[in-house]
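# Geometric and topological summary
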Amino acid sequence: MTKQWITFDLDGTLMQNPFGKWVFPEIAQTVSGELGRPYDAVAELVAEHERRMAQGRYVEAYDWDEMLEGLCARLGIKKSCDIEELVQKHCVPPKVHLLESGTAEALEEIKKLGFSLAVVTNGFYKYQAPVMEALGLLSLFEVVITPERVGTGKPDPAVFRALPGEVFAHVGDRLDHDVQLANKCNVISILIERSLDCKGIDLEPEKRATDQKVLQWCLDKWRRESGEQLSTVVLPDVFIPRVVVFSVRELLSLLKEWKGG
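Anyway, here's the lowdown on the structure attached to this text. (Residues numbered from 1 in each chain as written. Predicted model: local features only at pLDDT ≥ 70, side-chain atom pairs only at ≥ 80, totals over all residues. Heavy atoms only, no water.)

The subject of this paragraph is the overall build of the protein chain. Scanning the protein chain from N- to C-terminus turns up 11 helices and eight strands. A globule of 261 residues ought to have a C-alpha radius of gyration of about 18 Å, and the protein chain, at 19 Å, matches this closely. With the C-alpha coordinates aligned to their principal axes, the bounding extent of the protein chain is approximately 65 × 45 × 35 Å. Within the protein chain, contacts between residues at least 6 apart in sequence are counted, and of these 69% link residues at least 24 apart. Total accessible area on the protein chain stands at roughly 12,300 Å², and carbon and sulfur atoms take up 49% of it. (Helix = DSSP H or I, 4+ residues; strand = E, 2+ residues; numbered from the N terminus. Rg over C-alpha atoms; globule rule 2.2 N^0.38 Å. Contact = heavy atoms within 4.5 Å. Areas by Shrake-Rupley, 256 points an atom, 1.4 Å probe, with all protein chains shown as cover.)

And the structure:
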């Protein structure tokens, strides 16, 4: 029997990692200490990340240790911290946490419907696996796809090549990475957005993405993700999700409906 996969993004979709509040600040503090003066190392790393993404260098764009090593070399200082070790250091609740209660139970129920579960994340495995393990997620997924493992990252459709069978749907919180990826592959694109509770909440998940208020919200979100002041007034089709859900529990209910029970 051919496998039917539902793939999930991680950060912003299922869990909160320690990078923003814990890892990056410690990197900035360490680099400033080596220099003997304040220095915004995080801004430099993020700028390099964005340059690499714009060039389609998806694997290199998420190699934070390599980017930090390059930055330290340019500054003439030693690289005195290891990002993988920092992730492990800060990989404890509440520094890391699930974005909603009952996530593990909902994922188990999705598997009982006959779906296979995989992670498709742009974070390297060495940065993501410790967080997944700490939050009880790692054992729930049959496959974890990361850029260094498959040689590319979202939104490149090639990330799905590692999965035998059919990708039924991809779930994520970003239009530029997740929704675009799914739409390019003719996979059901499912945007999970917990802050949309005041817009479209009374609509069925499949109808929310056609609601004008939700579409305007998505257009504004896409502009923020692009980091540019785009003049486009209509959201391109490739960034429009097929389905919008507020939670993993709501996703489970929708899948049950699709499965006829």
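More follows now that the structure is in view.
Bringing the sheet that holds strand S1 (residues 4-8) into the picture now. Pairing is parallel in the open sheet, where six strands are placed in the order S5-S4-S1-S6-S7-S8. Each of the sheet's edge strands pairs with one partner strand only, and the pair in question is strand S5 (143-145) and strand S8 (243-245). Neighbour to neighbour, the strand axes of the sheet diverge by 25 degrees on average, direction disregarded. Two elements, S1 and strand S6 (residues 166-172), share five bridges in a ladder whose sense is parallel. Bridge pairing in S6 places tryptophan 5 opposite valine 167. (Pairing = 2+ DSSP bridges. Axes fitted to C-alpha atoms, helices over the stretch in contact; angles between N-to-C directions.)

Attention shifts here to the environment of alanine 43. Here alanine 43 lies in helix H2 (residues 41-54). Each C-alpha atom, one on alanine 43 and one on aspartate 82, is 18 Å from the other, the two residues being 39 residues apart in sequence.

The N-to-C vectors of helix H1 (residues 19-35) and helix H4 (residues 83-90) enclose an angle of 135 degrees; their axes lie 10 Å apart at closest approach. Comparing their axes, H4 and H1 come out oblique. The way H1 lies across H4 gives a crossing that is right-handed. Across from Phe19, Trp22, Val23, Glu26 and Ile27 in H1, the residues of H4 making contact are Ile83, Leu86, Val87, Lys89 and His90. In terms of residue class, the contact of H1 with H4 is made up of seven nonpolar, one polar and two charged. (Parallel < 35°, antiparallel > 145°, perpendicular 65-115°, else oblique. Left-handed = near helix turned anticlockwise from the far one by under 90°. Nonpolar A, V, L, I, M, F, W, Y, C, P; charged D, E, K, R; others polar.)

Right, let's get into the side chain of glutamate 193. Counting through the fold element by element, glutamate 193 comes out in the loop between strand S7 (188-192) and helix H9 (205-208). Lysine 221 provides the closest opposite charge to the buried, salt-bridge-free glutamate 193, at an N-O distance of 4.0 Å. At a separation of 2.5 Å, a polar atom in the side chain of glutamate 193 contacts the side chain of serine 195. Apart from the residues lying within four places of it in its own chain, the contact partners of glutamate 193 are Trp217, Lys221, Val245 and Phe246. (Buried < 20%, exposed > 50% of the residue type's maximum accessible area, 1.4 Å probe, protein only. Lys, Arg positive; Asp, Glu negative; His and termini not counted. Salt bridge = Lys/Arg side-chain N within 4 Å of Asp/Glu carboxyl O. Polar contact = N/O pair within 3.5 Å; in protein donor to acceptor, adjacent residues only side chain to side chain.)

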